[in-house]
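Understanding the architecture of this molecule
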Amino acid sequence: MTSDEGEFYHKAVLVDGTACGAYIFSEPDQIIEVHFNYLDVPCENGGLVSFVDGWELNGEFFPSSSDHPLPMNSRFSEFCGKRKVKQIFKSSQNVALIQYRMPEKGTSFGFSVRFIKNPTPCNVLFQSTEDIYTLRNYGKRSNCSLSTLFPAAVRVASLNVGIVPSLRRGIELETGTIHKVRSQCQKRGLDDFLQVGGSPGLDNANLLLADSVCGLDSKPGKHVDLIACETTTVRLVSSGAFDNSATVAIRQMTPEDINGYMSIVCPSEELVE
């Protein structure tokens with residue numbers, strides 16, 4: 001795992017055929033550019049190198065297929081042999097993955113990594129253990145998510161979801177935070193909402209919900225959801241009819257939090273070390 005730009009090199013020492021990965025991550029407002037400098041991975045015996053637009057772990061993906069702008073089969077680029085790879089690969093978010101299987105000792109490949117500014121970040125995998133972040137849809141039809149790979153405490157610091165139309169600006173009256181959006185916001189004809197929850201793996205398709213909210217609220221209060229899951233997710237679902245945004249404060253859970261009431265508990269052998 002690395003958050004550094006530069007050139008990287010891998011040479012096979014063990015040849016047990018295990019699939020391995022180089023997990024790359026950058027700042028939330030950056031995407032990742034990868035160029036393969038050379039490739040010497042014979043196709044015989046299943047040798048393979050691939051670029052993945054996102055992260056994969058135990059068969060689960062971030063971003064999930066329902067949140068990523070590309071179909072799943074377009075997020076993989078696979079190659080083998082001894083040749084040059086001219087294509088430059090770019091991620092759609094702040095994480096990317098180089099997967100490889102090297103069944104022959106001495107085979108190798110090299111690649112370079114560069115981070116590029118992303119003016120409209122959507123899906124973000126957080127590495128910081130405490131931070132404040134604003135999710136936006138930029139007036140587009142999209143699902144944007146913020147995820148952490150640890151149990152977390154989540155507080156919605158400000159909310160503007162399902163209120164301000166994308167094609168018009170004006171003075172909108174605050175509605176306050178409308179909770180349990182499936183029953184409340186959709187009664188208002190809204191398909192825009194913010195979900196807070198957790199899952200035992202990367203894929204938020206298995207998201208267990210602590211709350212779903214919408215509305216316009218500049219001061220939602222001090223309520224904190226404690227998500228006792230391996231992955232914590234805040235997910236903004238947008239129809240494109242509204243210019244949505246939500247600012248959330250998120251931090252890793254502490255031992256003191258564990259003694260309190262958990263909003264969501266996912267099955268796990270060990271949630272906090």
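Residues numbered from 1 in each chain as written. Predicted model: local features only at pLDDT ≥ 70, side-chain atom pairs only at ≥ 80, totals over all residues. Heavy atoms only, no water.

- Per an unreviewed UniProt entry, the protein carries the name Corticotropin-releasing factor-binding protein and comes from Asbolus verrucosus.
- Comment text from UniProt for the protein, heading Subcellular location (unreviewed entry), reads "Secreted".
- Regarding the protein, the UniProt comment filed under Sequence similarities (unreviewed entry) reads as follows: "Belongs to the CRF-binding protein family." (UniProt positions renumbered as here; feature names shortened; annotations may be inferred.)

1. As for the environment of Glu230
- Secondary-structure assignment places Glu230 in the loop between β19 (225-228) and β20 (231-238).
- According to the relative accessible area criterion, Glu230 is partly exposed, its value standing at 38%.
- Residues Glu230 and Ser199 lie 31 residues apart in sequence; the distance between their C-alpha atoms is 6.5 Å. (Helix = DSSP H or I, 4+ residues; strand = E, 2+ residues; numbered from the N terminus. Buried < 20%, exposed > 50% of the residue type's maximum accessible area, 1.4 Å probe, protein only.)

2. Remarks on the sheet that holds strand β7 (residues 76-79)
- Spatial strand order, β2-β10-β4-β7: four strands in an open sheet with antiparallel pairing. The outermost strands of the open sheet, each flanked by one partner alone, are β2 (19-25) and β7. On average, each strand axis in the sheet is tilted by 15° relative to the strand beside it, whichever way the strands run.
- As defined by bridge partners, β2 adjoins strand β10 (residues 95-101) across seven bridges and the pair is classed as antiparallel. (Pairing = 2+ DSSP bridges. Axes fitted to C-alpha atoms, helices over the stretch in contact; angles between N-to-C directions.)

3. Concerning the nonpolar core
- In this structure, Leu135, Leu146, Leu159, Leu194, Ile227 and Val234 are the most contacted members of the largest nonpolar core, which totals 28 residues.
- Taken together, the elements giving at least two residues each to this core come down to β12 (124-126), β13 (130-136), β14 (142-148), β15 (152-161), β17 (193-199), β18 (208-217), β20 and β21 (245-252).
- For this core, the element with the highest residue contribution is β15, accounting for five residues.
- The residues contacting Val234, other than those within four sequence positions of it, are Leu135, Cys144, Ser145, Leu146, Val154, Leu194, Gln195, Val196 and Val248. (Core = buried A, V, L, I, M, F, W, Y, C linked by side-chain atoms within 4.5 Å. Contact = heavy atoms within 4.5 Å.)

4. Some remarks on the pattern of salt bridges
- This model, assessed by the stated rule, comprises four salt bridges.
- With a closest N to O distance of 2.8 Å, Arg235 and Asp67 form a salt bridge. Here Arg235, found in strand β20, pairs with Asp67, found in the loop between β6 (60-62) and β7; they are 168 residues apart in sequence, far enough to count as distant. (Salt bridge = Lys/Arg side-chain N within 4 Å of Asp/Glu carboxyl O.)

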